[in-house]
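The chain contents come next:
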Amino acid sequence: MRKFIDLHLHLDGSVPVATIKKLISEHHYPIPSDEKLRQELSVDSNCKSLDQFLEKFALPNKLMQTRHDIKTIVYDLLVELKEQGLVYAEIRFAPQLHTKKRLTQENVIKAAIEGLNQFLIDQKQENSNQPELHAGLILCLMRFANNQKENMETVELAKKFLNHGVVGLDLAGAEGPIPNIKYKQFFDRAQELGIPYTIHAGEAAGPDSIRQALEMGAKRIGHGIRCTEDKKLTQELIDRQIILECCATSNMNTKAFDQIDSYPIKKLLHKGMKVTLNSDDMTVSNTNLPREYKLLEEKTNLTSEEETTLYLNAVDAAFTSPDEKIRLR
Ligand code: ADE
Ligand code: ZN
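Overview of the structure.

Moving on: the coordination of the zinc ion (ligand 2). Protein ligation of the zinc ion (ligand 2) involves His 8 (NE2), His 10 (NE2), His 200 (NE2) and Asp 280 (OD), the donor distances falling in the range 2.0 to 2.3 Å. Angles of 84 to 169 degrees at the metal separate the four donor atoms of the zinc ion (ligand 2), which places the site in the irregular class. Written as a sequence motif, the donor arrangement for the zinc ion (ligand 2) is H-x1-H-x189-H-x79-D. Of this pair, His 8 sits in strand S1 (residues 4–10) while His 200 is found in strand S5 (residues 198–201), placing the two residues 192 residues apart along the sequence.

Below, the structure written as structure tokens:
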């Protein structure tokens, strides 16, 4: 079976539909038809922007407010990822989005770690010769206007749980009027605490947002695909061997990029850029990582040698130990 690594995968955008149905039923909410559920959870060709894309997170986020639901979602997602052939995944979520009922950010993180640990225990007991799936959690800070306290709490909690399930931090959410650089203080603190991080940039916002992420010390950029609008920046990313976490279908959905046939992953690889291929939001984009590879094979003639390079770039970029990197190689 082919091996895959996903470094950019949002928990709330990737909840398996069967799990959503199970949780709706457990909560005794009205069960929508399959068609209605699809419309509520996934974008279609009418999606015109990141803002519209992010509207699809309302239902999963409504469900992700109890320890049981978060643990269940992490567990079920990992089962699905293993079936797809993943050997390593970094799963990201924003603890502050899941505190609408009784949970604290710390409870949210503990629930996700419980789901991960339960999966690892059950996997050990399976009698299978398929390679194991290992995973780490990335905690997202959110690009909101008045959440400095919540964002700083997430940074401190990332330190508390670092190497106990959590592997890093991210900055996510709508690329609205507040530029990335306004969140620098949180990543300065992450640097002080020795927490690795990635930053979403160059998706809805252009090359400037990537420059800001670099100024904030990011070594990995979520998406970053719009660097192609700026030759000098592209060269700087290559020279500094910054990792791009590319997500092709998601970029088509949000209109960060509009032509899949000219999706530039191959071009960037051949220029020497450290690109990786990831899924972003499996349920919202109705995709998964094997499908993303297949899409680029069909639309851009991505070859198996190029796929191996993408995989090895992901091994190099993963927020994980040297021993785990040896296992993955
Ligand atoms: N959260 C989930 N998907 C996202 C994306 N593509 N960009 C920013 N934040 C997100
Ligand atoms: Zn993302």
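This part is about the pairing of S5. Alternating residues of S5 divide into Thr 198 and His 200 and Ile 199 and Ala 201, and every residue in both groups is buried. Relative to strand S6 (residues 220–223), S5 runs parallel, the two being bridged by four bridges. Each bridged residue has a counterpart across the sheet, and for Thr 198 the counterpart in S6 is Arg 220. Between the parallel pair S5 and S6, the chain is carried across by helix H9 (residues 207–215), and the sense of this crossover is right-handed.

A few words now on the site of ligand 1. Surveying the vicinity of ligand 1 reveals the residues His 10, Leu 50, Leu 54, Phe 57, Ala 172, Gly 173, His 200, Glu 203, His 223, Asp 280 and Asp 281. Gly 173 places a main-chain nitrogen or oxygen 3.0 Å from a nitrogen atom of ligand 1. At 3.4 Å, a side-chain N or O of His 223 approaches a nitrogen atom of ligand 1.

Another point: the state of the cysteines. For the structure on display, the rule yields zero disulfides. Lacking any disulfide linkage, Cys 140 is separated from the closest cysteine sulfur, that of Cys 247, by 12 Å. Residue Cys 140 is classed as buried on the basis of its relative accessible area, which comes to 1%. Cys 247 provides the cysteine sulfur closest to Cys 246, a residue in no disulfide bond, and the two sulfurs are 7.1 Å apart. Look at Cys 246 and you get buried, because its relative accessible area is 0%.

Here is what the cut-offs are and how they apply
- Residues numbered from 1 in each chain as written.
- Chains lettered and ligands numbered in written order.
- Predicted model: local features only at pLDDT ≥ 70, side-chain atom pairs only at ≥ 80, totals over all residues.
- Heavy atoms only, no water.
- Donors = N, O, S within 2.8 Å, 3.2 Å for Na, K, Ca; no water.
- Tetrahedral: all angles 85-135°; square planar, octahedral: opposite > 155°, others 65-115°.
- Helix = DSSP H or I, 4+ residues; strand = E, 2+ residues; numbered from the N terminus.
- Buried < 20%, exposed > 50% of the residue type's maximum accessible area, 1.4 Å probe, protein only.
- Pairing = 2+ DSSP bridges.
- Right-handed = clockwise from strand over helix to strand, strands pointing away.
- Near = heavy atom within 4 Å.
- Polar contact = N/O pair within 3.5 Å; in protein donor to acceptor, adjacent residues only side chain to side chain.
- Disulfide = S-S within 2.5 Å.

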